[in-house]
Amino acid sequence: MKDLIQQLVQPSTSDQSWPSCPVFPPDLFAATAYLLDIAGAYHYLAAGETPPGAAAWDADDELDIDFHIADGPAFLRSARTHKSCRNAAKKWFDSPRTPDLVLRLWSELGTHKDEKAFLPHTKDTVAPRWWSLACSLMVIADQACPDVGYGFLNQDDAEAPHSDGGGGASTLPQSGKLGRKSETGNAEGEETGAGTRDRGAETQSWTSLWFKIIIEYKLEKSKNANQHNSTNATSLDGHVHIKDPLWTLCFGVDPDISCVQAKSRSRNIGCSLRNMSLNLALVPPRGIVCSVWHQPPFMITPDDEAVLNILLVPFPFRIPAKSFRGTVSLKPQDVHRNKEDYDGVSPWGRFCVDQRWLHGEITDDDDKRESEAKIREKEMRRALLRIFLDQLVWSAKKDVSFIHGIIFPEYSLDWKTYEVLSRDMCRQHSRLEFFVSGSSENCEGEKGNYAISSVFTKTKNGATNKAIGISTSRAKHHRWRLDESQITTYALASALDPRILWWENIRLTKREVHVNVFRENSTFAAMICEDLARGDPCHPILRGMAPNLVFVLLMDGPQLATRWSSRYSTTLADEPGSSVLTLTSRALIERSNTTLQGRSPSWSVALWKDDSGKEVSINCEVPAHGVVLSLSGYRTSEVSLDGRCNAEARSWRYNGHQPVSVTQPSPFAETEISRDLLMGIVGTVTGEVDEVPADLQDWYDKRHPKARG
């Protein structure tokens, strides 16, 4: 074992064969969880009363608390163990001083350093003593970190939800309030709240406070980078891209071997290392995939809001076949002429998708350089899309009062458009909590296929609250492959030869999975198309970090219970219990509806599936321009393999949806506009007209005189 631990946790001195006990809870969790995983020991943990034939390991009185079972390599944790670990976790929750029990358990674990981590498991194998020691240490470390990774919920904010005008939110918690409420309501009672997820101002662990300091430092560092280098980060006020996130919660553990992140859920099914923890997750090293947990640096919204309203915008609404452009790498005739050289090889090529819905028609000259006219058209279309979205949100708010999230499908925007839309929607609609979209660029303007997410949080600025958007982007993990069947379904043969296998022409970069905290106990992650269908590399991360919501951004046909997206969503809805929403644009749905083979037309732009087994297809049929999805958060209790309970887990469930459309100008919208001009904007954004109408161009030029150059 010592070789494994020394790789993971470096000794403090060169002659030290067993490192000192990790003093940071996530570090101790990483070391012990890693050992239990390598040994395959965790699933031999037995539950219930002490069975016949169980024997206590020889040890002193305080550590003689567990039993091994004679019939096979099983062990169990007694009630005494549970109580001892709980008390140690409470002490570590309050103070950075490592509890005496932790030091003693780690010291005894070191006496087994020369034992092999793995032993053949047979019915005659006796469970090694170190299994129980490592298990207890892992449980203590996990139990000491119930609030790590989550933001601060001020009690006044929880009691007085602010209006859409932004009032009513209170200040950040002051250092003088950082005690912990006991379960009986006393500040100093023995039965304290360690292990629960109460995020009140008086219930923060020292570990959580430490991470809060780090997050705020990284936020300020990113703000400064934005001011000095606007090309690598957003230059807009109140919108920050954190370029240097935390790849692991550990400080003393090698991230090239193992990483630790926070987690949202621990489903009461199956038997895995994931089920042994409630608050922390052991995730693969950063070389396999970089996992990032984004903790909001300021105030967060209480989970007990009555509903979560999400506006789904299936943009683009139309896409011509010529938007797909391919370059052949191996032609069919070359394969036919050189059968010996290309035996078993299929013709193939690469394709890209032109975002004509953002910049209009393009020419060969436009590929080489952007003319002033083309730049003007892109800026004009971006401005029209912003007006359209603002009007759509106000139209939705006629029905649901507030919109809390906005989601666009895969590859629907570019970074500049995303930046403008997310910033302006946050400014105009103060209850907006997040914005998610597929993009052809990341937050630094690099080309590819990305998912961008922004979480809006409040920061105190004098007597008022200012919203700030924390934005992150991550690249697609797998290229889209178009074969003859899909080319036929979407009627793309005029652009892509159906005899050729076409691969999406994107560069695969560092693989990342981002989980964003947006409410008191709630998180979401954004995935892109093939990332849902391919288990590696992100599914193990998602099962470990267990986001409450998973948004899958697609460029696909209708979302039906009989299609692939439903099948693969089930795996995440079952474990870890994430609620999964797939969303595609209406563009490819329209094309597939024209080539129907054996089914009726469908306008299902989204599919919902949750841990209750509920599955709903969400339609957005013409003339609707979006759908408002309403969700409710259900509090649920989850129990770890060792019997600990988290009563604060959150499951988001479907509570209905309504289509919305832009038909009349809203008097509350930022831009005053006539109905005729608004209908021109709608026609331009939805692709009903190819060119921006002349009256709209004149109106835009009057409002932006510099656009004419």
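Located above this text is the structure these notes cover.
Since the structure is predicted, the reported quantities are computational estimates derived from the model, not experimental observations. (Residues numbered from 1 in each chain as written. Predicted model: local features only at pLDDT ≥ 70, side-chain atom pairs only at ≥ 80, totals over all residues. Heavy atoms only, no water.)

Colleague: Just checking my understanding: could you explain the overall build of the protein chain for this structure?
Modeller: On a plain count of helices and strands, the protein chain comes out with 19 helices and 25 strands. Looking at the protein chain residue by residue over its 709 residues, the buried ones come to 59%. (Helix = DSSP H or I, 4+ residues; strand = E, 2+ residues; numbered from the N terminus. Buried < 20%, exposed > 50% of the residue type's maximum accessible area, 1.4 Å probe, protein only.)

Colleague: Looking at this structure, I do not really get the sheet that holds strand 8 (residues 290–294). What am I missing?
Modeller: Picture the strands of a sheet paired through backbone hydrogen bonds; they go either parallel or antiparallel. Pairing is mixed across the open sheet formed by 7 strands, whose spatial order is 8-18-19-20-21-22-23. Only two strands of the sheet have a single neighbouring strand rather than two, namely strand 8 and strand 23 (615–619). Each adjacent strand pair in this sheet contributes to an overall mean axis angle of 20 degrees, direction not counted. As defined by bridge partners, strand 21 (residues 579–583) adjoins strand 22 (residues 604–609) across 4 bridges and the pair is classed as antiparallel. Looking at the pairing, Leu581 lines up with Trp608 of strand 22. (Pairing = 2+ DSSP bridges. Axes fitted to C-alpha atoms, helices over the stretch in contact; angles between N-to-C directions.)

Colleague: Teacher, can you tell me more about the pairing of strand 8 here?
Modeller: Along a regular strand, successive side chains alternate from one face of the sheet to the other. A large share of strand 8 lies buried, amounting to 5 of its 5 residues. Alternating residues of strand 8 divide into Cys290, Val292 and His294 and Ser291 and Trp293, and every residue in both groups is buried. Pairing analysis gives 5 bridges linking strand 8 to strand 18 (residues 512–519), with the strands arranged parallel. Within strand 18, the position partnered with Cys290 by the bridge is Glu512.

Colleague: I tried to follow the environment of Ser329 on my own but got confused; where do I start?
Modeller: Examined against the element boundaries, Ser329 turns out to sit in strand 10 (residues 324–330). In this structure, the C-alpha to C-alpha distance between Ser329 and Gly349, residues 20 residues apart in sequence, is 4.7 Å. Among all residues touching Ser329, those that are not within four sequence positions of it are Trp348, Gly349 and Arg350. (Contact = heavy atoms within 4.5 Å.)

Colleague: Please clarify how the layout of surface pockets should be interpreted in this entry.
Modeller: Taken as a whole, the second largest pocket spans an internal volume of roughly 660 Å³. Around the second largest pocket, the lining comprises 27 residues; the ones closest to its centre are Gln486, Tyr490, Asp556, Arg563 and Trp564. Of all the secondary structure elements, the ones that give two or more residues to the lining of the second largest pocket are helix 13 (484–489) and helix 14 (530–533). Per-element accounting of the lining of the second largest pocket gives the leading share, 4 residues, to helix 13. Across the lining of the second largest pocket, the residue classes break down as 10 nonpolar, 10 polar and 7 charged. (1 Å grid on protein atoms, 1.4 Å probe; cavity = no way out; pocket = protein on both sides within 12 Å on 5 of 7 lines; lining within 4 Å. Points joined across faces, edges and corners; volume = space filled by probe spheres on them. Nonpolar A, V, L, I, M, F, W, Y, C, P; charged D, E, K, R; others polar.)

Colleague: Teacher, can you tell me more about the packing of helix 11 (residues 372–400) against helix 19 (residues 694–703) here?
Modeller: Two packed helices can be described by the angle between their axes and the distance between those axes. Relative orientation of the contacting elements helix 11 and helix 19 amounts to 95 degrees, with a least axis distance of 11 Å. Here helix 19 runs roughly perpendicular to helix 11, going by the angle between their axes. Of helix 19, the residues touching helix 11 (which contributes Arg376, Glu379, Met380, Ala383, Leu384 and Ile387) are Leu696, Gln697, Trp699, Tyr700 and Asp701. (Parallel < 35°, antiparallel > 145°, perpendicular 65-115°, else oblique.)

Colleague: How should I be thinking about the environment of Val400 in this particular structure?
Modeller: By the secondary structure assignment, Val400 is in helix 11. The exposure class assigned to Val400 is buried, which follows from its relative accessible area of 17%. Not counting chain neighbours up to four residues away, the residues in contact with Val400 comprise Asn309 and Val628.

Colleague: What should I look at first to understand empty space enclosed by the protein in this one?
Modeller: For the coordinates displayed, the defined rule picks out 7 cavities of 30 Å³ or more. When its volume is computed, the second largest cavity comes out at roughly 160 Å³. At the level of secondary structure, the elements contributing two or more residues to the lining of the second largest cavity comprise helix 7 (206–228), strand 8, strand 14 (447–461) and strand 18. Looking at the lining of the second largest cavity element by element, the count peaks at 3 residues for strand 8.

Colleague: Explain the pairing of strand 22 to me, please; I cannot follow it from the model alone.
Modeller: Most of strand 22 sits inside the fold, with 6 of its 6 residues counted as buried. In this structure, strand 22 lies alongside strand 23, joined through 5 bridges in antiparallel fashion. Looking at the pairing, Ala606 lines up with Ile618 of strand 23. Connecting strand 22 to the antiparallel partner strand 23 that follows it, the hairpin turn spans 5 residues, and Gly613 within it adopts a positive phi of roughly 90 degrees.

Colleague: Would you mind showing me how to read helix 12 (residues 415–428) here?
Modeller: An α-helical segment advances 3.6 residues per turn. Residues three or four places apart therefore align on the same side. With 14 residues, helix 12 extends 20 Å from end C-alpha to end C-alpha; this agrees with the ideal 20 Å at 1.5 Å per step. Inspection of helix 12 places Trp415, Thr417, Tyr418, Glu419, Val420, Leu421, Ser422, Arg423, Asp424, Met425 and Cys426 among the buried residues, and these make up the whole buried set. (Expected span 1.5 Å × (residues − 1).)

Colleague: Before we go on, may I ask you to explain the packing of helix 4 (residues 100–110) against helix 5 (residues 129–143) in this structure?
Modeller: It is the contact of helix 4 with helix 5, at a shortest axis distance of 9 Å, that shows an interaxial angle of 150 degrees. Overall, the two elements helix 4 and helix 5 adopt an arrangement that is roughly antiparallel. Note on packing geometry: the crossing formed by helix 4 with helix 5 is left-handed. Contacts between helix 4 and helix 5 involve Leu101, Val102, Leu105, Trp106, Glu108 and Leu109 from the former and Arg129, Trp130, Leu133, Ala134, Ser136, Leu137 and Ile140 from the latter. Across the contact of helix 4 with helix 5, the residue classes break down as 10 nonpolar, 1 polar and 2 charged. (Left-handed = near helix turned anticlockwise from the far one by under 90°.)

Colleague: Hey, could you run me through a nonpolar patch on the surface in this one?
Modeller: Together, Trp210, Ile213 and Phe251 make up an exposed nonpolar region whose accessible area comes to about 330 Å². For Ile213, a relative accessible area of 52% gives the class exposed. (Patch = residues over 30% accessible without salt bridge, like charges linked within 9 Å, V, L, I, M, F, W, Y side chains within 5 Å. Areas by Shrake-Rupley, 256 points an atom, 1.4 Å probe, with all protein chains shown as cover. Salt bridge = Lys/Arg side-chain N within 4 Å of Asp/Glu carboxyl O.)

Colleague: Hey, could you run me through the packing of aromatic side chains in this one?
Modeller: Remark: the centre distance and the inter-plane angle together describe each pair of aromatic rings, the angle taken between the planes. Going through the model one piece at a time under the given rule, you end up with 25 aromatic pairs. Taken together, a centroid distance of 6.2 Å and an interplanar angle of 85 degrees make the contact between Phe315 and Phe408 edge-to-face. Of the two residues, Phe315 is situated in the loop between strand 9 (308–312) and strand 10 and Phe408 in the loop between strand 12 (405–407) and helix 12; the sequence distance between them amounts to 93 residues. Both rings, one in Phe434 and one in Phe518, keep their centres 5.3 Å apart while their planes meet at 70 degrees; by these two values the pair is edge-to-face. Taken together, the residues Phe434 in strand 13 (residues 434–441) and Phe518 in strand 18 connect sequence positions 84 residues apart. Relative accessible area serves as the criterion here: at 0%, Phe434 is assigned to the buried category. (Phe/Tyr/Trp six-rings, centres within 6.5 Å; stacked < 30°, edge-to-face > 60°.)

Colleague: Would you mind going over the pattern of salt bridges with me for this structure?
Modeller: If charged atoms from side chains of opposite charge come close, those side chains can pair. The final tally for this structure, using the stated rule, is 33 salt bridges. Its salt-bridge partner being Arg318, residue Glu590 comes within 3.4 Å of it at the nearest N-O pair. Highlighted residues: Glu590 in helix 17 (residues 586–593) and Arg318 in the loop between strand 9 and strand 10, separated in sequence by 272 residues. The exposure class assigned to Arg318 is partly exposed, which follows from its relative accessible area of 39%. Because the salt bridges share partners, they merge into one network encompassing Arg265, Asp611, Glu638 and Arg653.

Colleague: Would you mind going over the sheet that holds strand 10 with me for this structure?
Modeller: Pairing is mixed across the open sheet formed by 4 strands, whose spatial order is 10-11-17-16. Strands at the two margins of the open sheet, each flanked by one partner only, are strand 10 and strand 16 (481–482). Relative to strand 17 (residues 501–504), strand 16 runs antiparallel, the two being bridged by 2 bridges. Across the sheet, the residue bridging to Leu482 is Trp502, located in strand 17.

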